[in-house]
Each structure stands twice: as C-alpha cells, then as structure tokens.
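Below, each chain spelled out in residue letters.
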Amino acid sequence: MDAAFWHDKWDRQLIGFHQDDINPFLKRHWPAISHSLGRVLVPLCGKSLDMVWLASLGDDIVGSELSEAAVRSFFDEQQLEPVCEAGGELTRFCDGPFELWQGDLFALTPQQLQPVTAFYDRAALIALPEPMRLRYWQHLASLLPAGTPGLLITLDYPQQQLSGPPFSVTESWVRQHSEGLFEVELLERSDVLADNPRFVKKQVASLDELVFKLTRL
Ligand SMILES: C[S@@+](CC[C@H](N)C(=O)[O-])C[C@H]1O[C@@H](n2cnc3c(N)ncnc32)[C@H](O)[C@@H]1O
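Residues numbered from 1 in each chain as written. Predicted model: local features only at pLDDT ≥ 70, side-chain atom pairs only at ≥ 80, totals over all residues. Heavy atoms only, no water.

> So what's going on with the site of the ligand? Which residues, and what values?
Among the 15 residues in the neighbourhood of the ligand, the closest are listed as L44, E65, D104, L105 and R122. Taking L66, its main chain carries an N or O atom lying 3.0 Å from a nitrogen atom of the ligand. Secondary structure elements with two or more residues in the shell around the ligand: α1 (3-11) and β2 (60-65). Split into classes, the residues belonging to the shell around the ligand amount to 9 nonpolar, 3 polar and 3 charged. (Near = heavy atom within 4 Å. Polar contact = N/O pair within 3.5 Å; in protein donor to acceptor, adjacent residues only side chain to side chain. Helix = DSSP H or I, 4+ residues; strand = E, 2+ residues; numbered from the N terminus. Nonpolar A, V, L, I, M, F, W, Y, C, P; charged D, E, K, R; others polar.)

> Which residues make up the side chain of Q102, and what are the values?
Within the fold, Q102 resides in strand β5 (residues 98-102). You can call Q102 buried: its relative accessible area is 13%. Within the structure, the side chain of Q102 is placed 2.9 Å from the backbone oxygen of L66, a separation counted as a polar contact. Look past the residues within four positions of Q102 in its chain and what remains in contact with it is E65, L66, S67, E68, V71, L90, T91 and F93. (Buried < 20%, exposed > 50% of the residue type's maximum accessible area, 1.4 Å probe, protein only. Contact = heavy atoms within 4.5 Å.)

> How would you summarise the side chain of E65 if you had to cite specific residues and measurements?
Relative to the helices and strands, E65 resides in strand β2. Despite its burial, E65 pairs with no opposite charge; the closest candidate is R122, at 10 Å N-O. A polar atom in the side chain of E65 sits 2.8 Å from the backbone nitrogen of S67. Once you skip the residues sitting within four places of it in the chain, E65 turns out to touch W10, L44, C45, G46, A70, V71, W101, Q102 and G103. (Lys, Arg positive; Asp, Glu negative; His and termini not counted. Salt bridge = Lys/Arg side-chain N within 4 Å of Asp/Glu carboxyl O.)

Shown next, in the form of structure tokens:
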C-alpha cells in the first residue's frame, strides 16, 4: 500500500474504513487507557470522528495523515479553519485541540511532536501489509515516551480467504512484534462477522475484532 494507493482512495472517496459513529470499543475501553488530560497521538488518522470524541474529553489530539484531502475534510466537517505551516517534509494543520501532521508518518520525528501521553490505533496497523506493518510498529514506538499507554484495535480473520486492507493482525503477531517495544494486554476479543457484510459475502469463515492495551516500554 504505497502513497498512490491511499491518495486514489481519498480522491475517489472509496473510504469504507471511515466510520460515521464513534468506535464502540474506543468508548468502552478508553477509560482503561487514559485517566488524565493530555496529548493523544492518532497515527494514520484519516478524518476519524474518534478524534472529536477524544477531544471532547479534554485531550489535545495529534494526528498523522498522508492525504491532504482527508485532513482538509476533517477540519471542514468540524467547521474549523486550520492554520497550516511547513514542518520538514510534512505540513502541520492546527485549530482548536487538533494538530494534524499531513504527510508520511515515517517522516515524522519525536522532536516535531511535543511529548504525547497516549495513543489510539484503529485501522492503522491493519491498513499496512508486511513488511511495512512492522516498520510502522517500530516507528510508532519511536515516537512515544516510555510508559505511554495506547489502545490498539485489530481484526483477526483467515487471511487466505480475503486480501487486505484491512489485513488480519492476530494476537500472536502483536505479542511477537511488540517484544522490547510494548507491554501487551488483550482487553477484548469480539466476533464481528455478522456486522461486516463484505466478509460474509466473501464467505470468510470468521472475523474477530481484538482490542489491546499497549504500554510503551
Ligand atoms: C484504513 S485508513 C484508517 C483511517 C482512520 N484511522 C480511521 O479509523 O478512519 C488508513 C489511513 O492511513 C493513511 N495513511 C496511509 N499510509 C500513510 C502514511 N505512510 N503516513 C500517514 N498516513 C498514511 C491513509 O491515507 C488512510 O487515511
């Protein structure tokens, strides 16, 4: 999934990953992740309304998104008028509690981010194929101070029955590739096959959504 793939998705509005409602797993589990106000990093954020929900709790939001169309849509839909400035290879869009870094996440450095206090990954890790997925996981960790907690949501299904994205990311993948980076706790595994007509239509045998608490080591 190179940059052209995602720009094409946004240009043609093929954004089936975008949710019009707040993610129910975020609402249910965020209290276990973060108790105090801070700065929440949302990598590969799209124009997710989950950022609005997190901001409604009083947090500042730091997003990272490749597509300028996505970033502009987010601010337009929130009736905000961001100030933009160049920041290295990226452009920083800011208004209210939102600071979105438009450009390649891999070009984002810890120095550009003021220290974040939590992170939220929904449809980011699972958007990426191997080996980019592992590179993403290691880069995300490099952006986080030790002790930073985060919520990760993945999908687990028989990968051979459907091509991604979203890709299947199992509990064992998360545990194996988090060694030395994150402490991992599985908070919930939920059968969501019936809620996903695309997977049912393709006769995928099972589809579970997994919710993890991660803590940067
Ligand atoms: C599957 S979407 C998920 C968006 C969002 N997390 C959500 O829940 O709606 C993945 C997003 O990652 C963005 N993306 C892909 N590669 C990226 C990269 N290298 N740097 C920053 N954003 C990227 C895409 O443009 C797309 O909006």
